[in-house]
Amino acid sequence: MAVLSVFALPRIAQATTLTLYDNSALDGSWASASSVELAQSFSTGAAPMSLASISFRWRNASVNDVTSLSSSYTLELFAGSGGVPTYQMATLATNVAVGIWAQGTDSYSPGSPVSLAPNSQFFVVVSGDTGGTFGWKYNAAAPSTVLSPPPNFLSLVSSDGGSTWSTLPGNFIMSVSGTALTIPALSGFPDINATPGEAPLILGAPTTSVPGTFSYSSTNPSVAAMAENQVTFGSVGTATITASFFPADQTTYYPTSISATVTVANPPPPPPPVPTTTTTTTTTTTTTTILSPITKPPTTTTTHPKTGSSTTTTTTTTVPKSGTSTTTTTTTTLPTPTTPTTSASTTTTTTPGTTPPASTTFPSPLPPNASTFSSTDGSQFVAQIDAMANAPVAGTNVTVSAVAGDPGTAVTVEVHSAPQIIMNGLFSVQGTYSGAATLPDSLQPGTHVLIVRAIYQGQPVTLVGAFVKTTAGTFGTIVQPAPLSNFSGINDPRLQRALRFGLPVYDVASHSRTTIGLIVGGGSLLALAGAGGAANQTLGALGRRKSHHQSKVASAVTKKLKAVGTIHEAWGDRSATWRSPHTERLDRLSRELPVTVGPFSALLPRVIVDGSWLRAAFGGWSMLLWIVGLALGVLSVFFHSTAPFVPAVPLIFLLIGLGILDAVACMIAWLVIAVASLVGGSLQGWSDIRTLLGLGVLFITVPLLAHAIRPLRRYVLSDVSERWERLFDYVMMPIFVAFAAASMAKALDGLSGLSILSVANLSAIRWFVGIMIVVRLLGEDAALHYYPERSKAVQPAKLVSARPRFVVASLVFKFLLFLVVMDPYFGLTLRTLVAAALLAVPGVLKLREDKLPNVKILHRWLPRGLTSFLFMMVLGSFLSFHLLGLHPSPSTVDTMFLVLLVPGVVIGVLELFGREGVNWTNVWMKRGLGVVVWLAAVGLVTGQLILFK
């Protein structure tokens, strides 16, 4: 339900039912509502309203009146924006069945109050089931309305799920009535004066003539931060606190608000001491109604200043669930001789809230991690709905845990349908908290929002989740609470998207450290992969050596690959493992197709060549893995979140593993998912497209990145140097490819705006990818050693370069793709355009590489490979720490991310000017230092080595 706060509207004397739209007495033609959505607008006047009823006239037949099929319809209410339905406010009817050749008028009233803001446009939206013949009747007559002058009524149709709307002639036949609401009068919310760091203040609720609840917000949390009705005072300045009032009877009264100004100023200097000869004794007993018992030990404080004496005694007694708690404070002061003795007493009764069972399991928060490259930037404040889909809503716990809140500040849980607070607690002096609330039985069927509020480092923290309660009283979709900044209410598009998928919201602004880690880690990986691709121009050999010279074999990353000049047949070449009916045809395709597509694409040849090790050993049988890819793609269409392009987590793992074994097999799976999503209409915006592309990169490019970092294929003979290099492949590649895969998986959350994979999932991906890379290395070694002639037969002697115009097209595509990827992180701004252009500079210069000068000394001293990776990691960590700090704000990250990209671009350009030269001759010293570099790099990527904190 959308609720708007108002300040200056005329008060209405009494509730009156008004007609906002009515042409129900007329008949007319009908428009099909099958496979489309039909919408009819109506408007409100200057007075706020409560929706009373909606009725509409329908007919179940084809528009040409030839056929009639059994159908059903759904009726919804939307708030309008820009002349189209924008924010869903209520579902009035779902899947209502209608018979063939039937027609009638159906009327509905909302199950819970639906407030309609004044001077606003709303839409009634009707949709029929796909393949049915249901339609909504319309005519050309102008509807009657109580509003004067009548508003401009709109009739619309959408065939893409509400993304775009077109106008229709005439007006749909319906009737909408509303009840005028009274705006309650609020008072008793005075301004506040405080000093910096003053103890938090519990605000008294404003005075109102009708029952209801309040929620509070602040315009400047750095001055006055709100946690429920507690205000925490910060720096010097002013802030406006708004108390928003939600009447209990929203069929009669409209939500409103009242504001107060908070002024925080430094205290005046203390007055000079005054001699004290008279005693004043004040006794105060306070009783406050709260939701859960808070017990503090008895405390006694005695102060004896130079000219007086003050004694304070506090005693707290906590009673059982149904009892009360009484707090008595006695203060004795010795003021000036002329001060008379006074005494005051106040009593308050405390009704404790419900206590969760001893068996309650609380979620596990994680303290902030100082590592830039960890899987999380600290989930120190977490909450969860302790239930699964189809479980009863009544009695379900909402549990909250924290390890880093501001001591003594409030923790609250609100459920918003009709807003109500279901948990109220305080952080301990250590900043920890564990508590639980029970969802009330009174919640009506529909969508409900959970808001968990707290204070961390003086700033408000908000976790937002949601769930759908079915008419059977069970959970439908559950969205677990997650951090969400600038939350705009139940119609927040981010929350609506999360409800569509049944996954928690991922708010980029709430994960600034993760964004920094992705930027620095991505730049470092590009440095490692780029150097690997340039340095490893020879990635293995077949055949026997001749004077320490070897021929070259095809690689998935090198451009030019010479055929083996010697014959070296092994037992695998003579075995039956690869002899299957279609082996010869597959061999020819594997050799010729990469060369055919090479002039047009740099990626596709590498994808095709990637699985040649399987084709060498198993021949036509290797195509069984393609069938596995097809099957996994089909399974992903049926086992997913709520859209085929986000497969279930176990399937994501299987697809990653399949892609490591053979990129072609996983590309088949991804194409099945993409086609099913496109045909089924699941791709409903750029967020969906980004998610699908991100999954494709994760599934398909892991082995290609492995090729770039270290050679997957390396023929090793008896030479100690070769053995050392191959050992380093096994030690280095799994760790860094696993780090890269986890980074790509973690980036999915930002691309999609959803928490697709948990921290535990990311950790499992690292281990899984590392193990699968070792399996792939073992398979490559077996293929090269035991099937050397077969390895030549299944791949081209060389990969051709893409034609210049296609290289330029690729650069343009990468430029646009970068903008698409950066949009959810930083938006499409001038800064992101500059960043995209900056990253394109090395690629543009490479087009004219032969015209650039070559500096041999630069080639000798420029860090490459793992050294370049470590250099970029350390430099990125240094810059992010000194420019952004350990707790960067989203605005700071947005401003400085361009600076973090500059070192990678500089390294890329310098490599072009130092592309050839003399390498270091002391190989063993180089390798010894390489071990040190490897250990340092591993420490950084695993979070065990933290340089700046």
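Residues numbered from 1 in each chain as written. Predicted model: local features only at pLDDT ≥ 70, side-chain atom pairs only at ≥ 80, totals over all residues. Heavy atoms only, no water.

### Describing the overall build of the protein chain
Right, so step 1: Broken down by element type, the protein chain carries 20 helices and 35 strands.
Right, so step 2: The buried share of the protein chain, reckoned over its 949 residues, is 48%.
Right, so step 3: Nonlocal contacts in the protein chain, meaning residues at least 24 apart in sequence, comprise 74% of its contacts between residues at least 6 apart.
Right, so step 4: On the protein chain, roughly 42600 Å² of surface is accessible, and the fraction owed to carbon and sulfur atoms is 63%. (Helix = DSSP H or I, 4+ residues; strand = E, 2+ residues; numbered from the N terminus. Buried < 20%, exposed > 50% of the residue type's maximum accessible area, 1.4 Å probe, protein only. Contact = heavy atoms within 4.5 Å. Areas by Shrake-Rupley, 256 points an atom, 1.4 Å probe, with all protein chains shown as cover.)

### Digging into the packing of aromatic side chains
Right, so step 1: Applying the stated criterion across every chain yields a total of 20 aromatic pairs.
Right, so step 2: On the numbers, 6.3 Å between centres and 35° between planes, the contact of F189 with Y216 is tilted. One end of the pair, F189, is in the loop between β15 (186-187) and β16 (192-194); the other, Y216, is in strand β19 (residues 212-218), with 27 residues separating them in the sequence.
Right, so step 3: In this structure Y216 comes out as buried when scored by relative accessible area, which is 11%.
Right, so step 4: Between F653 and F768, the ring centres sit 5.8 Å apart and the planes meet at 55°, which makes this aromatic pair tilted. A residue pair is termed long-range when its members are at least 10 positions apart, and F653 in helix α8 (residues 649-661) and F768 in helix α13 (residues 759-786) qualify at 115 residues.
Right, so step 5: Residue class for F653 comes out buried when judged on its relative accessible area of 15%.
Right, so step 6: According to the relative accessible area criterion, F768 is partly exposed, its value standing at 25%.
Right, so step 7: Put simply, the rings of F56, W58, Y73, F134, W136, Y138 and F172 pair up and form one aromatic cluster. (Phe/Tyr/Trp six-rings, centres within 6.5 Å; stacked < 30°, edge-to-face > 60°.)

### Structural notes on the sheet that holds strand β5 (residues 71-81)
In sheet architecture, strand pairing relies on hydrogen bonds along the backbone and comes in two forms, parallel and antiparallel.
Right, so step 1: Read across the open sheet, the six strands follow the order β6-β5-β9-β3-β11-β12; overall the sheet is antiparallel. A strand with exactly one partner marks an edge of an open sheet, and here the two such strands are β6 (84-98) and β12 (166-167).
Right, so step 2: Across two bridges, strand β11 (residues 155-158) lies against β12 in antiparallel orientation. When the sheet's bridge partners are listed, L156 is paired in β12 with T167. (Pairing = 2+ DSSP bridges.)

### A word on a nonpolar patch on the surface
Right, so step 1: A surface patch of nonpolar side chains, amounting to about 490 Å² of accessible area, comprises L630, V634, L635, F638 and F639.
Right, so step 2: Counting through the fold element by element, F638 comes out in helix α7 (residues 624-638).
Right, so step 3: Looking at F638, the relative accessible area reads 62%, which means it is exposed. (Patch = residues over 30% accessible without salt bridge, like charges linked within 9 Å, V, L, I, M, F, W, Y side chains within 5 Å. Salt bridge = Lys/Arg side-chain N within 4 Å of Asp/Glu carboxyl O.)

### A closer look at the side chain of N397
Right, so step 1: Within the secondary structure, N397 sits in strand β29 (residues 397-402).
Right, so step 2: Relative accessible area serves as the criterion here: at 14%, N397 is assigned to the buried category.
Right, so step 3: Polar side-chain contacts of N397 include one of 3.2 Å to the side chain of T438. (Polar contact = N/O pair within 3.5 Å; in protein donor to acceptor, adjacent residues only side chain to side chain.)

### Side note on unusual backbone geometry
Right, so step 1: A cis amide bond links S148 with the next residue in sequence, P149, at an omega value of -5°.
Right, so step 2: Its place among the elements puts P149 in the loop between β10 (134-139) and β11.
Right, so step 3: Unusually for a residue other than glycine, N95 sits at a positive phi of about 50°.

### Here's the deal with the sheet that holds strand β22 (residues 237-247)
Right, so step 1: Spatial strand order, β16-β23-β22-β19: four strands in an open sheet with mixed pairing. Edge positions in the sheet fall to β16 and β19, since each has one partner strand and no second. For this sheet, the mean angle separating the axes of adjacent strands, direction not counted, is 25°.
Right, so step 2: Taken together, the nine bridges between β22 and strand β23 (residues 256-264) define a ladder with antiparallel strand orientation. When the sheet's bridge partners are listed, T242 is paired in β23 with S259. (Axes fitted to C-alpha atoms, helices over the stretch in contact; angles between N-to-C directions.)

### Looking at the nonpolar core
Right, so step 1: Among the nonpolar cores identified, the biggest contains 77 residues, and F699 and V769 are the most heavily contacted of them.
Right, so step 2: Sorting elements by how many residues they give to this core places helix α12 (residues 720-752) first, with 12 residues.
Right, so step 3: Not counting residues up to four positions away in its chain, the partners in contact with F699 are I652, L655, I656, G659, C666 and W670.
Right, so step 4: Counting 35 residues, the second-largest nonpolar core is a separate cluster that includes A31, F56, F153 and A180. (Core = buried A, V, L, I, M, F, W, Y, C linked by side-chain atoms within 4.5 Å.)

### Observations concerning helix α16 (residues 830-846)
Right, so step 1: For α16, built from 17 residues, the straight-helix expectation of 24 Å at 1.5 Å per residue is met to within 8% by its first-to-last C-alpha distance of 25 Å.
Right, so step 2: At A840, α16 is bent by approximately 35°, the largest bend along its length, and proline P842 sits one to four residues beyond.
Right, so step 3: Considered for burial, the residues of α16 that qualify are T832, A835, A836, A840 and P842.
Right, so step 4: Residues of α16 that are buried in the fold lie against α15 (804-826) and α19 (890-913). (Expected span 1.5 Å × (residues − 1). Bend = angle between axes of the 7 residues up to and from the residue.)

### Describing the packing of α7 against helix α9 (residues 663-679)
Right, so step 1: Across the interface, α7 lies against α9 with an axial gap of 7 Å and an inter-helix angle of 30°. Between α7 and α9, the interaxial angle falls into the category roughly parallel. Read as a crossing pair, α7 and α9 show a hand that is right-handed. For the pair α7 and α9, the contacting residues are L625, W626, G629, L630, G633, V634, S636 and V637 in the first and V664, A665, I668, A669, V672, I673 and A676 in the second.
Right, so step 2: Residues belonging to the contact of α7 with α9 are distributed by class as follows: 12 nonpolar, three polar and no charged. (Parallel < 35°, antiparallel > 145°, perpendicular 65-115°, else oblique. Left-handed = near helix turned anticlockwise from the far one by under 90°. Nonpolar A, V, L, I, M, F, W, Y, C, P; charged D, E, K, R; others polar.)

### Observations concerning the packing of helix α10 (residues 686-700) against helix α11 (residues 702-709)
Right, so step 1: Where α10 meets α11, the closest approach of the two axes is 5 Å, and the angle between their N-to-C directions is 55°. Judged on the interaxial angle alone, α11 and α10 are oblique. Along its contact with α10, which presents V697, L698 and I700, the element α11 presents V702, P703 and L704.
Right, so step 2: Residue classes in the contact of α10 with α11 are distributed as six nonpolar, no polar and no charged.

### Quick look at α11
Right, so step 1: Summarising burial for α11: eight of the eight residues are buried, a large majority.
Right, so step 2: Of all the residues in α11, the buried ones are V702, P703, L704, L705, A706, H707, A708 and I709.

### Considerations on the confidence of the model for the protein chain
Right, so step 1: Confidence in the prediction for the protein chain averages 77 pLDDT; 78% of positions are at 70 or higher.
Right, so step 2: Within the protein chain, strand β25 (residues 299-303) has the poorest average pLDDT of any element, 38, and strand β3 (residues 37-43) the best, 95.
Right, so step 3: Counting interchain partners and residues more than four positions distant, the pLDDT-below-50 stretch residues 275-355 has 157 contacts.
Right, so step 4: Here residues 531-566 is a poorly scored stretch, pLDDT under 50, and it has 96 contacts once near neighbours within four places are set aside; other chains count. (pLDDT = per-residue confidence, 0-100.)

### Some words on the pattern of salt bridges
Right, so step 1: This model, assessed by the stated rule, comprises 15 salt bridges.
Right, so step 2: Of the charged contacts in the structure, one is a salt bridge between R59 and D65, with a shortest N-O distance of 3.0 Å.
Right, so step 3: One network of salt bridges, in which partners are shared, links D492, R494 and D507.

### Concerning the environment of V646
Right, so step 1: Secondary-structure assignment places V646 in the loop between α7 and α8.
Right, so step 2: A sequence separation of 31 residues divides V646 from S677, and the C-alpha atoms of the two residues are 9.8 Å apart.

### Considering the environment of A602
Right, so step 1: If you trace the backbone, A602 turns up in the loop between α4 (583-597) and α5 (604-610).
Right, so step 2: Separated by 205 residues in the primary sequence, A602 and V807 have C-alpha atoms spaced 8.2 Å apart.

### Some words on the environment of F42
Right, so step 1: Tracing the sequence through the fold places F42 in strand β3.
Right, so step 2: Taking C-alpha positions, F42 is 8.0 Å from V124, a pair spaced 82 residues apart along the chain.
Right, so step 3: Aside from chain neighbours lying at most four places away, what touches F42 is L20, Y21, L77, L116, S120, Q121, F122, V124, F153, M174 and V176.

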